Amino acid sequence: MPLGGTELALDRQRIVAEAVALLDAEGLDGVTTRKLAARLGVQSPTLYWHLPNKAALVTAIADAILDQEFGHLSPPEPDQHWQDWLSGLAQRLRRALLAHPDGARVISASQLSRTMAAISELAMSTLVARGIPLRQARVIVLTVERFTVGHVLEEQAPRPDAEALKNFDMATFAEQHPTAVAAISEYFEPGRTVDDLFRDCLEVVIAGAAVTAGATS
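Definitions and cut-offs
Residues numbered from 1 in each chain as written. Predicted model: local features only at pLDDT ≥ 70, side-chain atom pairs only at ≥ 80, totals over all residues. Heavy atoms only, no water. 1 Å grid on protein atoms, 1.4 Å probe; cavity = no way out; pocket = protein on both sides within 12 Å on 5 of 7 lines; lining within 4 Å. Points joined across faces, edges and corners; volume = space filled by probe spheres on them. Helix = DSSP H or I, 4+ residues; strand = E, 2+ residues; numbered from the N terminus. Nonpolar A, V, L, I, M, F, W, Y, C, P; charged D, E, K, R; others polar. Patch = residues over 30% accessible without salt bridge, like charges linked within 9 Å, V, L, I, M, F, W, Y side chains within 5 Å. Areas by Shrake-Rupley, 256 points an atom, 1.4 Å probe, with all protein chains shown as cover. Salt bridge = Lys/Arg side-chain N within 4 Å of Asp/Glu carboxyl O. Phe/Tyr/Trp six-rings, centres within 6.5 Å; stacked < 30°, edge-to-face > 60°. Buried < 20%, exposed > 50% of the residue type's maximum accessible area, 1.4 Å probe, protein only. Lys NZ or Arg CZ within 6 Å of the ring centre and 35° of its normal. Core = buried A, V, L, I, M, F, W, Y, C linked by side-chain atoms within 4.5 Å. Contact = heavy atoms within 4.5 Å. Axes fitted to C-alpha atoms, helices over the stretch in contact; angles between N-to-C directions. Parallel < 35°, antiparallel > 145°, perpendicular 65-115°, else oblique. Left-handed = near helix turned anticlockwise from the far one by under 90°. Polar contact = N/O pair within 3.5 Å; in protein donor to acceptor, adjacent residues only side chain to side chain.

Draft legend 1. Representation of the layout of surface pockets in the model. Considering only enclosed or pocket space, the largest pocket measures out at about 310 Å³ in volume. Lining the largest pocket are 14 residues, with Ile 107, Met 116, Leu 142, Glu 145 and Arg 146 sitting closest to its centre. Broken down by secondary-structure element, the contributors of at least two residues to the lining of the largest pocket are helix H6 (103–109), helix H7 (114–129) and helix H8 (134–156). At five residues, the largest contribution of residues to the lining of the largest pocket is made by H8. Residue composition of the lining of the largest pocket, grouped by class: seven nonpolar, four polar and three charged.

This is the structure we're talking about:
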């Protein structure tokens, strides 16, 4: 007998929660319908009543990840610069992605995420309300979102293993790329972290967007 609406919603919620737990345990590559069904104690076809394919599952996981950070969305205060507000939004997005292994990969692979759409809608409408033309507002928001996701993709990428590091000639690399090596050393020498790097890069992105939009508030 088909499940009722309430049972269906509860069952889907349980499936997605278990899928997020599987993501945390094994990363995105470990999230398969077979493994998920085994964790739930059901057969794989049972999942298709609620999530018809892997793409739908990944999108549901993306929404669950984002909902943990973006349970509440609100526009900036009247006296708050949109640049500061948008920066805060991007930092929340990064925090949401970093909270789970492969969080950025999940968001990148998701299709029609309702929560990501809500974030974009609020951000674009906020900029339009501040006098930025719609086309520019869209480009600014997409640039900030894609920079954030791309930054986290790099942060969450696998690090070189011990064997690769052992065979890496750092002295030769530094000789061939002296400016790049000096810049990295200089930036992180005072104790800065990748969090500072993200904020500094984000500031450049948003400042450039503001200039392009001809907006200062």
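That covers the picture; the talk isn't over yet.
Draft legend 2. Structural detail: a nonpolar patch on the surface. A cluster of nonpolar side chains, namely Phe 168, Met 170 and Phe 173, defines an oily patch on the protein surface of about 280 Å² accessible area. Assignment of secondary structure puts Phe 173 in helix H10 (residues 170–176).

Draft legend 3. Spotlight on the packing of aromatic side chains. Tallying each qualifying case throughout the model produces three aromatic pairs. Centroid distance Tyr 187 to Phe 188: 5.0 Å. Interplanar angle 80°. Geometry classified as edge-to-face. Accessibility expressed as a relative area gives 16% for Tyr 187, which makes it buried. With a relative accessible area of 33%, Phe 188 lands in the partly exposed category. The ring of Tyr 187 is capped by Arg 192, whose NZ or CZ atom sits 4.8 Å from the centre of that ring.

Draft legend 4. Fine view of the nonpolar core. Ile 61 and Leu 86 are the most contacted members of the largest nonpolar core, which has 52 residues in total. Secondary structure elements with two or more residues in this core: helix H1 (5–26), helix H2 (33–40), helix H4 (54–69), helix H5 (82–98), H6, H7, H8 and helix H12 (194–213). Residues contacting Ile 61, with those up to four places away along its chain left out, are Val 16, Ala 19, Val 20, Leu 23, Val 31 and Val 106.

Draft legend 5. Region of interest: the packing of H8 against H12. Contact pair H8 / H12: the axes reach a minimum separation of 10 Å and the direction vectors enclose 165°. Relative to H12, the element H8 lies roughly antiparallel. Both H8 and H12 take part in a crossing whose hand is right-handed. In this structure, H8 uses Gln 136, Ile 140, Thr 143, Val 144, Phe 147, Thr 148, His 151 and Glu 155 to contact H12, whose residues at the interface are Val 194, Leu 197, Phe 198, Cys 201, Leu 202, Val 205, Ile 206, Ala 209, Thr 212 and Ala 213.

Draft legend 6. Broad picture of empty space enclosed by the protein. A full pass over the atoms with the stated rule returns one cavity of 30 Å³ or more. By volume, the largest cavity amounts to about 70 Å³. Around the largest cavity, the lining residues are Leu 86, Leu 89, Ala 90, Leu 93, Met 116, Ile 119, Ala 123, Val 141, Val 144, Glu 145 and Thr 148. Contributions of two or more residues to the lining of the largest cavity are made by H5, H7 and H8. When its residues are assigned to classes, the lining of the largest cavity shows nine nonpolar, one polar and one charged.

Draft legend 7. Spotlight on the environment of Arg 130. On the secondary structure map, Arg 130 appears in the loop between H7 and H8. The sequence separation of Arg 130 and Leu 40 amounts to 90 residues, and the corresponding C-alpha distance is 48 Å. A distance of 3.1 Å separates a polar side-chain atom of Arg 130 from the backbone oxygen of Glu 77. At 2.9 Å, the side chain of Arg 130 forms a polar contact with the backbone oxygen of Gln 80.

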